[in-house]
Amino acid sequence: MTWTSEALGWVPQVLAIELKKALTYRVTFWIRHILGTLTELTIAYFLWEALFARAPSGPGIKTLAGYSFHGILYYYLFAALGSRVVWGSLQGSISTEIYDGSLNRYLLYPLSFSGYKCVALFAQQLIASSQLLFGLAVAISIWGIPPELTISPGGVALGLFTAMLCGLTLFLINGCLELIAFWQDTVWNLMAMLRFISSLLGGVLIPLAFFPARARQLLELTPFPSLFAFPIRCFMGQVTWIEWLRSALLLGIWAALSALLFSWLWRRGTRQYSGVGI
Amino acid sequence: MIAEALSTFARYVRLYGRFLEFSFGKAFEFRFDFVMRIIMDIVYYAVALAFFKVIYLHTPDLGGWDERHAMVFVAGSLIVDALNMTIFSSNMWNLPLLINKGELDYYLIRPVSSLFFMSLRDFAASSFINLLCALGILAWALARLPVWPGAGRITLFLLCLLNGTVIFYCLNILANMLVFWTQGGGSGFSEIIWSLSKFGERPDTIYRGVVRSVLTFVLPFAVIASFPARLIIDRGQGDTARLLLHMFGISILFLTIVILTWNRALRSYSSASS
């Protein structure tokens, strides 16, 4: 068999399995998604309503750091839904498989562990993307599109593509933390820290435009703006092609560094791994 | 009757002492986890403080509270979080698994209240260290206030934060008890509560209308840290009695609902052990 037909063989099957797994508990799945998104948007609505009430008035629409009130609501919509495309639902899966021994099957299967995980991530990103499109359709039907924003099908498609690339990079960064499970009894703290830090420094909690200029410059040295703020700005049509290429290059550098570390940790870890059963 | 009640109370206090002994011993066996939990919570606290610091770069007040007042509120919510993580969270995370696997028997056959045993068995020693950090943040926030609130009001504030922790515990366990009937969903219901708890991480003064009513009576997340903070920030302003009645009334009501629901839920439980 050629490499192409081997790849074509297992990828659709893995994709189908992962899609089925993600939708096993359908009611809980949709309650969590809808409730989570509504919670974040409701909090953002009241928080920013209070902030805009105190913002100085002037000619035209009231803005804060370049965002109008409706612009900020769309920002938080894309932050809530776009970050789910970036994260997927794989966080914790690698360390769990190391601890309970189910990593064995990947060592026995005639396919690469990271390849399997990438396809699994893609399956989850497909579901998260459909949730984003659904949420966006609802938001547009309620709020319309503010004139100061450029939300277009092309921009949304670019945003989804960018979010998926960011997701791959984040999977590698998170994976490096999870592979510490080969040597330590528990690593969930490290993943929780990554979530907290990335939510603030990636612009999910509050747009980076609100940070002081010096802080924004320092943040450029970290991967977080590229992982979250970058796809959000793509969704909102705020990125030029030059900016997209620059951010994609930064993302690529972080992905390459993480992949190298992931690969090294994997080799060292599997050498001393012992699992019981299949 | 009073003697019997006191004797039962003393028995439960001794039992809780055993829980603490066991939990501290277990915590020091997993030193990496112990240290990482402390660092994780410090990162969480830093993010919470940084969020409001950034917000207040762009406004003099939020819902009538200036930055110094908001930091008292943030410190209060961090204390509630630390108390919850220390006393209840490990137990709550395990509950859905125990129900689904039918392994709750260990708690049901003991000659003590199964709800007490289930809710308080594990004490997270590392989160206790973070409680001290959160109290330090509160001391810093109080020192920055233009008027010192006084020892009495601070004590009342801390008692109300304890009360807020009980309210959060009630909401969490009520959500997790749904697993008795759905027999699926695992930690999904806990995640829903964690998601909704974000409402309590912002001052209640920003909410209005139906949302405010829900957050102060039905899903009282606004009562957990924001109402206690008002005792310090607004210094009651004549409303102290009403606020206290509301806060403690909610906790008594929800505790009663928890006890009744737990007893009802156990009737739906089926064991998987021999």
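For the structure, see preceding data.
Here's a quick rundown of the structure.

1. A short note on the nonpolar core
Part 1: With 182 residues, the main nonpolar core has W48 and I206 of chain A together with L104 of chain B as its most contacted residues.
Part 2: Beyond its immediate stretch of four places on either side in the chain, L104 of chain B contacts L95, L98, I99, M118, F180, W262, L266 and Y269 of chain B.

2. Thoughts on the packing of helix α12 (residues 226–233) of chain B against helix α13 (residues 240–266) of chain B
Residues and elements named next belong to chain B.
Part 1: Running from N to C, α12 and α13 cross one another at 160 degrees; their axes reach a closest spacing of 10 Å. The angle between α12 and α13 places the two elements in the roughly antiparallel class. Both α12 and α13 take part in a crossing whose hand is left-handed. Listed contacts from α13 to F227, P228, R230 and L231 of α12 are T240, L243, L244, H246 and M247.
Part 2: Its residues assigned to classes, the contact of α12 with α13 comprises 6 nonpolar, 2 polar and 1 charged.

3. What to know about a nonpolar patch on the surface
All names here are of chain B.
Part 1: Taken together, the side chains of F24, F28, F128, I129, L132, L135 and L158 present a nonpolar region at the surface, about 550 Å² in accessible area.
Part 2: Elements supplying a minimum of two residues to the nonpolar patch: α1 (2–29) and α6 (125–143).
Part 3: Sorting elements by how many residues they give to the nonpolar patch places α6 first, with 4 residues.
Part 4: You can see F128 is positioned in helix α6.

4. Considering the interface of chain B and chain A
Part 1: Counting residues at the interface gives 36 residues for chain B and 35 residues for chain A.
Part 2: When chain B packs against chain A, the two sides together hide about 3400 Å² of surface, and 77% of this comes from carbon and sulfur.
Part 3: Viewed at the interface, chain A and chain B are joined by 3 salt bridges.
Part 4: Close ionic contact of R54 of chain A with D61 of chain B constitutes a salt bridge, the shortest N to O distance being 3.1 Å.
Part 5: Run the count over chain B and chain A and you get 4 residue pairs in polar contact (both at pLDDT 80 or more).
Part 6: Put simply, the parts of the chain that give the side of chain B that touches chain A at least two residues each are α2 (31–55) and α9 (188–196) of chain B.
Part 7: Element by element, the count of residues in the side of chain B that touches chain A is highest for α2 of chain B, at 13 residues.
Part 8: Residues belonging to the side of chain B that touches chain A are distributed by class as follows: 22 nonpolar, 7 polar and 7 charged.

5. Quick look at the pattern of salt bridges
Part 1: For the coordinates displayed, the defined rule picks out 17 salt bridges over all chains.
Part 2: Note that R105 of chain A is salt-bridged to E97 of chain A, the shortest N-O span being 3.7 Å.
Part 3: Given the relative accessible area of 8%, E97 of chain A is considered buried.
Part 4: Note that D204 of chain B and R212 of chain B form a salt bridge whose closest N and O atoms lie 2.8 Å from each other.
Part 5: Bridged by salt links that share partners, the residues E40 and R84 of chain A together with K198 of chain B form one connected network.

6. Some points on the packing of helix α2 (residues 26–54) of chain A against helix α3 (residues 69–87) of chain A
All names here are of chain A.
Part 1: Running from N to C, α2 and α3 point in directions that differ by 150 degrees, and their axes come no closer than 10 Å. With respect to each other, α2 and α3 are oriented roughly antiparallel. Considering the relative orientation of α2 and α3, their crossing is right-handed. Packed against α2, whose contacting residues are H33, G36, T37, E40, L41, A44, Y45, W48, E49 and F52, the element α3 presents F69, I72, L73, Y76, L77, A80, L81 and R84 at the interface.
Part 2: Split into classes, the residues belonging to the contact of α2 with α3 amount to 12 nonpolar, 3 polar and 3 charged.

7. Some remarks on the environment of L133 of chain A
All names here are of chain A.
Part 1: Counting through the fold element by element, L133 comes out in helix α6 (residues 113–143).
Part 2: Distance in space between the C-alpha atoms of L133 and I206 is 22 Å, their sequence separation being 73 residues.
Part 3: Excluding its chain neighbours within four sequence positions, the residues that come into contact with L133 are V156 and L160.

Reading the values: the criteria
Residues numbered from 1 in each chain as written. Chains lettered and ligands numbered in written order. Predicted model: local features only at pLDDT ≥ 70, side-chain atom pairs only at ≥ 80, totals over all residues. Heavy atoms only, no water. Core = buried A, V, L, I, M, F, W, Y, C linked by side-chain atoms within 4.5 Å. Buried < 20%, exposed > 50% of the residue type's maximum accessible area, 1.4 Å probe, protein only. Contact = heavy atoms within 4.5 Å. Axes fitted to C-alpha atoms, helices over the stretch in contact; angles between N-to-C directions. Helix = DSSP H or I, 4+ residues; strand = E, 2+ residues; numbered from the N terminus. Parallel < 35°, antiparallel > 145°, perpendicular 65-115°, else oblique. Left-handed = near helix turned anticlockwise from the far one by under 90°. Nonpolar A, V, L, I, M, F, W, Y, C, P; charged D, E, K, R; others polar. Patch = residues over 30% accessible without salt bridge, like charges linked within 9 Å, V, L, I, M, F, W, Y side chains within 5 Å. Areas by Shrake-Rupley, 256 points an atom, 1.4 Å probe, with all protein chains shown as cover. Salt bridge = Lys/Arg side-chain N within 4 Å of Asp/Glu carboxyl O. Buried area = accessible area lost by both parts, 1.4 Å probe. Polar contact = N/O pair within 3.5 Å; in protein donor to acceptor, adjacent residues only side chain to side chain.

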